[in-house]
Amino acid sequence: MQGPNLLRFFKFLLIVVVLLVGFIAALFIASVEEQPLVVATSATQVNDAESVQELIAQIKQSVQDRTLDQQIPLTENQLNSLVGFLQRAKAQFHGQVNITPVASSISASYQLPPNPLGRYVNFSALVLPGEGLQLDEVRLGSIVLPGKKTLVTLVWLADWWTDSDIASQFVQQIDSIRMFQGSMIIAMRPLDAFLRNLKELKRDIGEESELSVATAHYLRFLANLEVGRRPTAQSLGRYIQPLFAEALSRSSEDSADEENEAAIMALATYAGHHRFANFVGDVQPVPKRIAAPLKLPTLMNRGDLSQHFIFSAAIKVLSEQGLTAAIGEFKELMDRGAGGSGYSFVDLAADHAGVKFALVATDDKTAFLLQKLLAKSVSERTFFPETQGLPENLNKASFTQQFKQVDSPQYKELLNEIDQRIASLPMSQLKGSE
């Protein structure tokens, strides 16, 4: 390319970039507003969390009957409970779903950090009953977008991001939507082909990444431990002590946090659920064989507490702390319903302890110190709090009588006590941990 032509090309490219940046800036400015569109409180929304159990059972049944047409009922309470869960995971987010025979509205507000343009980004969309998935109108702040074109654009972006046509397939699965006051029924075409394609869809999770390689090492190490072959359940401390001693032998102060991430993911895959490996890569020591202890480990002689702790630690490694805490809390709220085990603050303490464990393990200021601490002792008291006096097995009536709802002063007081117990643990006392 000759000099003058090259100069013209760069001028053209500069103009395109300036126009694109200007368009994005104008779109952002137009979408920001001073007042939120949604002011619903999460504490009220998640009060019906037990209603989600029925939805989960329906989805499981639909997966089992994947070769048949499906009729999936959804209620306004179920959807708003899930929206409330998202809000508890991300406090800046507020959402609301309303279902009527004419249309269903999905509204959301997101609070921005302080800025001169405005405090909230507001979003709303109308879904219409009828054949397939139909969007009538989409609003982003003061911007009104045509529903059909917006749906096409969103599906295209999802397909592009996943390098597949999975979003297009999902939309095509929806045969029709019928709406009533407070509920809807989604008719789905047989899910078999879609689920097979979804299973085959492989996001770039870095099968050859450093995390994957290190996780495979620690999973192989756990699979070779004698404690996992004992016929009786053993304390989780008897797995954590040798695991983090091994991590210590492979770490420097600069790499301890990365080694600990891999150790936690290996522990979750081995002693939690083998599907955690899906987030890391092909880490099983023997192909097509799941590495697992003969009996799952315990905390305070309870297998459920060990699972809560391990799952929360692994989810923290994979996500934000708020999401991890919200998952544990929402599960307990669902358990208040008939057939559930009841709301357990002991389980919640295990969730919070697992989150704290992962935070300390992956903080570059404390990761190496934690390895040294755990390598010395198998005691659960190093990383798990005393749970005496924490209420358990509360059905919805008992929970409401004692605590009214989540975020009540009584509820917050008990959560604060749990966090204080965790803060007094040796792992929490390491210099640099919060």
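Higher on the page you've got the structure.
Residues numbered from 1 in each chain as written. Predicted model: local features only at pLDDT ≥ 70, side-chain atom pairs only at ≥ 80, totals over all residues. Heavy atoms only, no water.

**Student:** Please clarify how the packing of helix 10 (residues 256-271) against helix 11 (residues 303-318) should be interpreted in this entry.
**Tutor:** Each pair of packed helices gets described by two things: the angle between the helix axes and the distance between those axes. The interhelical angle for the contact between helix 10 and helix 11, taken along N-to-C directions, is 135 degrees, at an axis separation of 9 Å. What the angle tells us is that helix 10 and helix 11 run oblique. Handedness of the helix 10/helix 11 crossing: left-handed. In this structure, helix 10 uses Glu-261, Ile-264, Met-265, Leu-267, Ala-268 and Ala-271 to contact helix 11, whose residues at the interface are Gln-307, Ile-310, Ala-313, Ala-314, Val-317 and Leu-318. A class-by-class count of the residues in the contact of helix 10 with helix 11 yields ten nonpolar, one polar and one charged. (Axes fitted to C-alpha atoms, helices over the stretch in contact; angles between N-to-C directions. Helix = DSSP H or I, 4+ residues; strand = E, 2+ residues; numbered from the N terminus. Parallel < 35°, antiparallel > 145°, perpendicular 65-115°, else oblique. Left-handed = near helix turned anticlockwise from the far one by under 90°. Contact = heavy atoms within 4.5 Å. Nonpolar A, V, L, I, M, F, W, Y, C, P; charged D, E, K, R; others polar.)

**Student:** Mind showing me how you'd approach the packing of helix 3 (residues 52-64) against helix 4 (residues 76-89) here?
**Tutor:** Across the interface, helix 3 lies against helix 4 with an axial gap of 9 Å and an inter-helix angle of 100 degrees. Put simply, helix 3 runs roughly perpendicular to helix 4. Side by side, helix 3 and helix 4 meet where Val-52, Glu-54 and Leu-55 of the first sit next to Gln-78, Ser-81 and Leu-82 of the second. Within the contact of helix 3 with helix 4, the residues separate by chemical class into three nonpolar, two polar and one charged.

**Student:** So what exactly am I meant to see when it comes to the packing of aromatic side chains here?
**Tutor:** Any aromatic ring pair is given by two values, namely how distant the centres are and how the planes are angled relative to each other. This model, assessed by the stated rule, comprises 18 aromatic pairs. For the pair Phe-309 and Phe-383, a centre-to-centre distance of 5.3 Å together with 50 degrees between the ring planes defines the contact as tilted. Taken together, the residues Phe-309 in helix 11 and Phe-383 in the loop between helix 14 (367-376) and helix 15 (396-403) connect sequence positions 74 residues apart. With a relative accessible area of 1%, Phe-383 lands in the buried category. Measuring from centroid to centroid gives 5.0 Å for Phe-345 and Phe-403, while their planes differ by 45 degrees, and the two rings are tilted. Of this pair, Phe-345 sits in helix 13 (residues 345-362) while Phe-403 is found in helix 15, placing the two residues 58 residues apart along the sequence. For Phe-345, a relative accessible area of 0% gives the class buried. Seen from the ring of Tyr-218, Arg-250 lies directly overhead, with NZ or CZ sitting 5.2 Å from the centre. (Phe/Tyr/Trp six-rings, centres within 6.5 Å; stacked < 30°, edge-to-face > 60°. Buried < 20%, exposed > 50% of the residue type's maximum accessible area, 1.4 Å probe, protein only. Lys NZ or Arg CZ within 6 Å of the ring centre and 35° of its normal.)

**Student:** What is the right way to look at the pairing of strand 10 (residues 183-188) in this model?
**Tutor:** In the case of a regular strand, side chains alternate between the two sheet surfaces. With six bridges connecting them, strand 2 (residues 70-75) and strand 10 associate as antiparallel partners. Each residue of the ladder has a partner; that of Leu-74, found in strand 10, is Met-184. Sheet analysis places strand 9 (residues 174-180) next to strand 10, joined by six bridges and oriented antiparallel. Counted as the bridge partner of Ile-177 is Ile-186 from strand 10. Hairpin geometry of strand 9 and strand 10 is characterised by an intervening segment of two residues between the two adjacent antiparallel strands and by a positive phi of about 85 degrees at Gly-182. (Pairing = 2+ DSSP bridges.)

**Student:** Please explain the layout of surface pockets as it appears in this structure.
**Tutor:** Where empty space is left becomes clear once a probe the size of a water molecule has been rolled over the atoms. Of the voids in this model, the largest pocket is the one considered here, and its volume is about 1,200 Å³. Along the wall of the largest pocket there are 41 residues; nearest its centre are Leu-74, Leu-133, Phe-170, Ile-174 and Ile-186. Of all the elements, helix 5 (residues 147-162) adds the most residues to the lining of the largest pocket, at five residues. (1 Å grid on protein atoms, 1.4 Å probe; cavity = no way out; pocket = protein on both sides within 12 Å on 5 of 7 lines; lining within 4 Å. Points joined across faces, edges and corners; volume = space filled by probe spheres on them.)

**Student:** How do you make sense of a nonpolar patch on the surface when you look at a structure like this?
**Tutor:** A surface patch of nonpolar side chains, about 650 Å² in accessible area, is lined by Leu-154, Trp-156, Leu-157, Trp-160 and Trp-161. Considering the arrangement of structural elements, one finds Trp-160 in helix 5. (Patch = residues over 30% accessible without salt bridge, like charges linked within 9 Å, V, L, I, M, F, W, Y side chains within 5 Å. Areas by Shrake-Rupley, 256 points an atom, 1.4 Å probe, with all protein chains shown as cover. Salt bridge = Lys/Arg side-chain N within 4 Å of Asp/Glu carboxyl O.)

**Student:** Is there a simple way to think about empty space enclosed by the protein in this case?
**Tutor:** For the structure on display, the rule yields one cavity of 30 Å³ or more. In this structure, the largest cavity encloses a volume near 30 Å³. Forming the boundary of the largest cavity are Ile-264, Leu-267, Phe-309, Ile-310, Ala-313 and Phe-357. Sorting the residues of the lining of the largest cavity by element identifies helix 10 and helix 11 as the ones contributing at least two each. Examining the composition of the lining of the largest cavity, we find that three residues originate from one element, helix 11, more than from any other. Residues that form the lining of the largest cavity fall into these classes: six nonpolar, no polar and no charged.

**Student:** What's the story with the sheet that holds strand 2 in this structure? I'm lost.
**Tutor:** Strand pairs in the sheet, formed through backbone hydrogen bonds, run parallel or antiparallel to each other. In space, the four strands of this open sheet follow the order 2-10-9-6, with antiparallel pairing throughout. Whereas interior strands pair on both sides, the edge strands pair on one side only; in this sheet they are strand 2 and strand 6 (130-131). On the sheet, helix 6 (residues 166-173) packs against strand 9 and strand 10 and is oriented at approximately 55 degrees with respect to strand 9.

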